[in-house]
Amino acid sequence: MSWLDRVRNALPFTAKRDTADNLWHKCRQCQQMVFVKEWEDNLNVCPRCDHHDRIGAKERFAQLFDGGLHELIASPAAPEDPLKFRDTKKYVDRIKAARAQTGDRDAYQNAFGRISSLPTVIGVQDFAFMGGSMGVAVGEAFVAGVEEAIRRGCPYIAITAAGGARMQEGTLSLMQMPRATVALARLRRAGLPYIVLLTDPTTGGVTASYAMLGDVQISEPKALIGFAGQRVIENTIREKLPEGFQRAEYLLDHGMIDMVVHRKELPETLGRLIGYLAPEKAA
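Reading the values: the criteria
- Residues numbered from 1 in each chain as written.
- Predicted model: local features only at pLDDT ≥ 70, side-chain atom pairs only at ≥ 80, totals over all residues.
- Heavy atoms only, no water.
- Salt bridge = Lys/Arg side-chain N within 4 Å of Asp/Glu carboxyl O.
- Buried < 20%, exposed > 50% of the residue type's maximum accessible area, 1.4 Å probe, protein only.
- Axes fitted to C-alpha atoms, helices over the stretch in contact; angles between N-to-C directions.
- Helix = DSSP H or I, 4+ residues; strand = E, 2+ residues; numbered from the N terminus.
- Parallel < 35°, antiparallel > 145°, perpendicular 65-115°, else oblique.
- Contact = heavy atoms within 4.5 Å.
- Nonpolar A, V, L, I, M, F, W, Y, C, P; charged D, E, K, R; others polar.
- Pairing = 2+ DSSP bridges.

(A) Examining the pattern of salt bridges more closely. Enumeration over the complete set of coordinates arrives at 19 salt bridges. In this structure, Arg94 engages Asp87 in a salt bridge whose closest nitrogen and oxygen atoms are separated by 2.6 Å. We classify Asp87 as partly exposed; its relative accessible area is 29%. Each of the salt bridges in this network shares a partner with another, and the network as a whole consists of Glu71, Glu148, Arg151 and Arg152.

See the structure below:
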């Protein structure tokens, strides 16, 4: 930036001009430049290569609930640094940075609304918040979402996106796996459906727990889904893995998930599934 640009931008009465930074979005898949407005209107899906970009809870709730109308469900308080963990940075500083970047308290949020006029609770995991990692706060939020669905007598939908358990919380993060499993057992005893939407990426301890316990497993196209990384597996078994291994389409072909659904078709698909799985709510 030249000295003239710096002076002009510092003047309070000078209107800010649109620049390449706020007019264009570069697709992470095909590297093509797309108008931000076109990209957002297409639900954050690249109109050139159909790459489904990662989005957070705000965008998910707006797209899936009827008219975008929803009621946020407060998550229980959780200890923020139970182990007083520090690596290159203090854990509390990493949390503060993630909150400043996303505007959220942690990586998981719940909301209640209607899909195709049917009452539903949705929980969304945001990869932008520390890689969507599962710590105590995520576990508390997940259980709270399930309990709210039981209280309201409606289905629970979990939308997953995570790099796995949060290492800064050690064993406490791993304990969220059985906690989520127990909560889902209560949901099933109440006769209520549990639907999972797997998004890019869903890996590690999240895949090993609530991400793979749905009555119906859905995925967005080409989402990365797995437990260990592909290179780790190849180094362990000393074999080359098939093309597209751990991608949604491969898992669908091998019976790991039930369907791959384009983002544009999710509201209709979820509404149809809720009508099938909870017919008394559709009456």
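So that's the structure; there's more coming.
(B) Broad picture of the packing of helix α6 (residues 136–152) against helix α8 (residues 176–189). Close contact between α6 and α8 brings their axes to 10 Å; oriented N to C, the two are set at 0 degrees. The pairing of α6 with α8 is recorded here as roughly parallel in orientation. Every residue of α8 that contacts α6 at Val136, Gly139, Glu140, Phe142, Val143, Val146, Glu147, Ala149 and Ile150 is listed here: Gln176, Arg179, Ala180, Ala183, Leu184, Arg186 and Leu187. Considering only residue class, the contact of α6 with α8 consists of 10 nonpolar, 2 polar and 4 charged.

(C) Looking closely at the pairing of strand β4 (residues 108–115). Most of β4 sits out of view: 6 of its 8 residues are buried. Where strand β3 (residues 70–73) lies against β4, 4 bridges are found, and the strand directions are antiparallel. Paired with Glu71 across the bridge in β4 is Phe112. With 8 bridges connecting them, β4 and strand β5 (residues 118–125) associate as antiparallel partners. Bridged to Gly113 within β5 is Thr120. Where β4 folds back on β5, the antiparallel hairpin that results is connected by 2 residues, among which Ser116 adopts a positive phi of roughly 55 degrees.

(D) Structural detail: the pairing of strand β6 (residues 156–162). The element β6 is extensively covered by neighbouring structure, given that 7 of its 7 residues are classed as buried. Two elements, β5 and β6, share 4 bridges in a ladder whose sense is parallel. Each residue of the ladder has a partner; that of Val121, found in β6, is Tyr156. Pairing of β6 with strand β7 (residues 194–202), which is carried by 6 bridges, proceeds in the parallel orientation. Paired with Ile157 across the two strands is Ile195, which belongs to β7.

(E) Fine view of the sheet that holds β4. With respect to topology, 7 strands assemble into an open sheet ordered β3-β4-β5-β6-β7-β8-β9, the strand pairing being mixed. Strands with a single pairing partner mark the edges of an open sheet, and in this sheet they are β3 and β9 (259–260). With 4 bridges connecting them, β7 and strand β8 (residues 216–219) associate as parallel partners. Counted as the bridge partner of Leu198 is Ser219 from β8. Along the sheet, helix α4 (residues 57–64) makes contact with β3, β4, β5, β6 and β7, crossing β4 at roughly 10 degrees. Running at roughly 25 degrees to β4, α6 makes contact with β3, β4, β5, β6 and β7 of the sheet.

(F) Representation of unusual backbone geometry within the structure. Between Asp200 and the following residue, Pro201, the backbone shows a cis peptide bond with an omega angle of -15 degrees. Turning to its location among the elements, Pro201 is positioned in strand β7. In this model, Gln31 sits at a positive phi of 65 degrees, which is unusual for a non-glycine residue. Exposure remark for Gln31: the relative accessible area of 42% places this residue in the partly exposed category. At Leu43, a residue that is not glycine, the phi angle is positive and equals roughly 65 degrees. Looking at the secondary structure, you find Leu43 in the loop between α3 (36–41) and α4.

The analysis is restricted to geometry; functional conclusions fall outside its scope.
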